[in-house]
Amino acid sequence: MSKPLLFGRARLNALVTALVFGFAVAPAAAATLTMACDSIGHGNTVCKEGVKAWERKSGHTVKILSLPASSSERLVMYRQLLASQSPLLDVLTIDIVWPGILAESLLDLSAPAAASIKEHFPAIVKNNTVGGRLIAMPWFIDAGLLYYRKDLLEKYQQRVPGTWAELAATARLIQDAERSAGRPRMWGYVWQGKPYEGLTCDALEWIVSYGGGSIVEPSGAVTVDNPATIAALRMAKQWIGAISPPSVVSAREEESRAMFQDGNAVFLRNWPYVWAVVNAPDSAVRNKVGIAVLPRGPHGAVGTTLGGHQLAVSKFSRNSALAIDLVMFMTGRDEQKRRAILLGRSPTIGSLYQDPQLLAINPYQEILRAAAASATPRPSTVTGRKYEQVSAEVWKTVSGVLAEGKDPATGVKALASTLNAMHSGAAW
Ligand code: GLC
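A brief structural summary. This one's a predicted model, so the numbers in the text were calculated from it and none came from an experiment.

1. Some remarks on the pattern of salt bridges
As enumerated under the stated definition, the model contains 26 salt bridges in all. Put simply, arginine 339 and aspartate 38 hold a salt bridge, and the shortest N to O gap is 3.0 Å. Placement of arginine 339 in helix α13 (residues 333–343) and of aspartate 38 in the loop between β1 (32–36) and α2 (43–58) is noted, with a sequence separation of 301 residues between them. Across this residue pair, the class does not change: arginine 339 and aspartate 38 are buried. Glutamate 404 is paired through a salt bridge with lysine 406; the nearest N and O atoms lie 3.2 Å apart. In this structure glutamate 404 comes out as exposed when scored by relative accessible area, which is 52%.

See the structure below:
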């Protein structure tokens, strides 16, 4: 018996075209694309599995490019590749705050996405639309969350804190008791304090919860110099050495997650991906973790920063039709559901949050959905191309307060004048 011939869809299409039109066309050679994937937690492995499924479907190959762990470093890498019009990268994973920065180097996906885009959260679609062009497909959404040790709260008969003041008190109480019980490395609260994009996210949450606005408002006005913002920064400064380790000022998502996962912290601020990692078989805190909204500020407001990633196609790709097909596959419903199950990545397709399989795996789906729906965007749409610089000024100022002992009032005053010098009126 002869061996059956296996064709990927693209090769089959080429063959069908030849048969239908009655002329001999050699099947298109299999192409090799390059994609920059998700790289945090178990993200790389799960992204590769999705890519493998597309390879089987299409008959083409995808090389995965490793990305630096820090969002800010990734942006630098992309800018270099795109500025040199490099065809080396076809599909890019882009941060929710980058559309304004990278739009010119990315293809418009409006036509291929015409049917599916309606399923995604409208706010993200709007975020990814620059000058009427849909420059990236929504892939997953992030919102800042509070992770807590269920077992420790129970042991010390404490409730999940609803305010920052309660968080500080509970963190202190459990940290001190655990240290006395022979766990000297225990800390109360870990978060992202390194000067990079993640610090802008954490700082925005403190500021919003204090009623201090959102640094630069959607109108373009710079509002960062106000007493509520100063008080919010003061609060975070006071945590260091008291409930947060001094090393928090150099922690990104993964360093803070590791401290918590090793069992050395009561509370952690992080994104939804942490759920799958802390519940993995090798985790010291497996089945001991709960998720809550971040604590409220002194007047009852909650600040949760909106994050997330999109998939985009480089204008310099030599295989753009295939790259678009890969993006549509990777951001589609089935793949988003698979990623939510395996990775805990929150979908950008709203209806998936009621999916029984997802609810069974992470009972906190409603908290995730509500956090995503109410999250505060960073000022990336209004500041557009200048966002990278704006955010760098923000994280430098905040880091100055946290790590170098600078006065918050002086810091935000200087920040406001730097930001004001970057724009004229409402135009950025
Ligand atoms: C997460 C968010 C992203 C944010 C980054 C900061 O990856 O999805 O939006 O910029 O964290 O570190």
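2. Quick notes on empty space enclosed by the protein
For the coordinates displayed, the defined rule picks out 4 cavities of 30 Å³ or more. Put simply, the largest cavity is a space of about 230 Å³. Lining the largest cavity we find 21 residues, and of these Ser71, Asp142, Glu253, Trp271 and His309 sit closest to its centre. Of all the secondary structure elements, the ones that give two or more residues to the lining of the largest cavity are α3 (71–83), β3 (91–95), β6 (137–143), α8 (197–209) and β11 (306–313). The class makeup of the residues in the lining of the largest cavity is 7 nonpolar, 6 polar and 8 charged. Both domain 1 (9–142 + 307–374) and domain 2 (145–305 + 380–422) contribute no fewer than three residues apiece to the lining of the largest cavity. Size it by volume and the second largest cavity reaches roughly 40 Å³. Lining the second largest cavity we find Ala340, Gly344, Arg345, Ser346, Pro347, Ile361, Asn362, Gln365 and Leu368. Looking at the lining of the second largest cavity residue by residue, the class counts come to 4 nonpolar, 4 polar and 1 charged.

3. Describing the side chain of glutamine 192
The topology assignment puts glutamine 192 in the loop between β8 (187–190) and α8. A polar contact of 2.7 Å, which involves the side chain of glutamine 192, links it to the backbone oxygen of arginine 269. Excluding residues that lie within four positions of it along the chain, glutamine 192 makes contacts with Gly198, Leu199, Asp202, Val248, Ala251, Arg252, Glu253, Ser256, Arg269 and Asn270.

4. As for the packing of aromatic side chains
Counted under the stated rule, the structure contains 10 aromatic pairs. Ring centres of tryptophan 164 and tyrosine 189 lie 6.3 Å apart, and the angle between their planes is 45 degrees; this geometry places the pair in the tilted category. With tryptophan 164 in helix α7 (residues 164–180) and tyrosine 189 in strand β8, the pair connects residues that are 25 residues apart, well separated along the chain. The same class applies to tryptophan 164 and to tyrosine 189, which are both buried. Aromatic side chains tryptophan 275 and tyrosine 364 sit 5.3 Å apart centroid to centroid with 75 degrees between the ring planes, which places their arrangement in the edge-to-face category.

5. Observations concerning the state of the cysteines
Tallying each qualifying case throughout the model produces 1 disulfide. Two residues, cysteine 37 and cysteine 47, share a disulfide whose sulfurs are 1.8 Å apart. Residues cysteine 37 and cysteine 47 are joined through a disulfide that is left-handed, its torsion about the S-S bond being -65 degrees. One end of the pair, cysteine 37, is in the loop between β1 and α2; the other, cysteine 47, is in helix α2, with 10 residues separating them in the sequence. Each of the two residues, cysteine 37 as well as cysteine 47, counts as buried.

What counts and how
Residues numbered from 1 in each chain as written. Predicted model: local features only at pLDDT ≥ 70, side-chain atom pairs only at ≥ 80, totals over all residues. Heavy atoms only, no water. Salt bridge = Lys/Arg side-chain N within 4 Å of Asp/Glu carboxyl O. Helix = DSSP H or I, 4+ residues; strand = E, 2+ residues; numbered from the N terminus. Buried < 20%, exposed > 50% of the residue type's maximum accessible area, 1.4 Å probe, protein only. 1 Å grid on protein atoms, 1.4 Å probe; cavity = no way out; pocket = protein on both sides within 12 Å on 5 of 7 lines; lining within 4 Å. Points joined across faces, edges and corners; volume = space filled by probe spheres on them. Nonpolar A, V, L, I, M, F, W, Y, C, P; charged D, E, K, R; others polar. Domains from an automatic or database assignment. Polar contact = N/O pair within 3.5 Å; in protein donor to acceptor, adjacent residues only side chain to side chain. Contact = heavy atoms within 4.5 Å. Phe/Tyr/Trp six-rings, centres within 6.5 Å; stacked < 30°, edge-to-face > 60°. Disulfide = S-S within 2.5 Å.

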